[in-house]
Amino acid sequence: EPEVTQTPSHQVTQMGQEVILRCVPISNHLYFYWYRQILGQKVEFLVSFYNNEISEKSEIFDDQFSVERPDGSNFTLKIRSTKLEDSAMYFCASNLDGNTEAFFGQGTRLTVV
Amino acid sequence: KNEVEQSPQNLTAQEGEFITINCSYSVGISALHWLQQHPGGGIVSLFMLSSGKKKHGRLIATINIQEKHSSLHITASHPRDSAVYICAAHGSARQLTFGSGTQLTVLP
């Protein structure tokens, strides 16, 4: 069964460092998303991506964040200068046309120290 | 902005019990998702529905569009059903707005 894969599963980084979280969406899906979940809180939307550009973004997704689809399979989230409050589980998701069922990766747990 | 509320926040049941988790939302939606999150953190999609009812094994999801309310039912609950169950609303924008989740614990 096709699945969304995320790497790494866990990343620890020093405050101020750049991190790149990687995702491989399901191959025929066209819409890609990043969500995050701070420990004990709701899952929150960060950004959606379609046709090689950002479709929508939340107020959380400020200039410190960027997304890219560097090739035909990977979808990345970069945080330029990590802060302690960026510590969270980051989920990648994809769906076929934006209005169909979304499939989630297993998440990357980012810990900023 | 859509507000998605779930109840209860925590639910403990004995194995075999019938379980209901409720979800309400404030703004009209195109679809509602029910998701399951296990202790490791991964999220699995259970249902996506825009009207009526869907059934998969022991899980049943219903939605009432007029009342802006959905329920997830688990029949003959089992300890392996223990997880966090999350509803998420799919509005006019393509992203999901999530509820805070219901922590379900089923005791043997």
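None of these values were measured; they are calculated from a predicted model.

## Observations regarding the side chain of Asp81(B)
Residues and elements named next belong to chain B. Among the secondary structure elements, Asp81 is positioned in the loop between strand 8 (69-74) and strand 9 (83-90). Here the side chain of Asp81 touches Arg58 through a polar contact of 2.8 Å, side chain to side chain. When sequence neighbours within four positions are dropped, the list of residues in contact with Asp81 reads Gln36, Arg58, Ile74, Leu104 and Val106.

## Points about the interface of chain A and chain B
Residue-level contacts link 22 residues of chain A with 18 residues of chain B. Both faces considered, chain A and chain B share a buried interface measuring about 1700 Å² in area, 53% of it formed by carbon and sulfur atoms. Applying the counting criterion to the chain A and chain B interface returns 0 salt bridges. Connecting chain A to chain B are 3 residue pairs in polar contact (both at pLDDT 80 or more). Listed by contribution, the elements that provide at least two residues to the side of chain A that touches chain B are strand 4 (31-37), strand 5 (43-50), strand 6 (53-57) and strand 9 (88-95) of chain A. With 4 residues, the single largest contributor to the side of chain A that touches chain B is strand 4 of chain A. For the side of chain A that touches chain B, the per-class residue count stands at 9 nonpolar, 8 polar and 5 charged.

Reading the values: the criteria
Residues numbered from 1 in each chain as written. Chains lettered and ligands numbered in written order. Predicted model: local features only at pLDDT ≥ 70, side-chain atom pairs only at ≥ 80, totals over all residues. Heavy atoms only, no water. Helix = DSSP H or I, 4+ residues; strand = E, 2+ residues; numbered from the N terminus. Polar contact = N/O pair within 3.5 Å; in protein donor to acceptor, adjacent residues only side chain to side chain. Contact = heavy atoms within 4.5 Å. Buried area = accessible area lost by both parts, 1.4 Å probe. Salt bridge = Lys/Arg side-chain N within 4 Å of Asp/Glu carboxyl O. Nonpolar A, V, L, I, M, F, W, Y, C, P; charged D, E, K, R; others polar.

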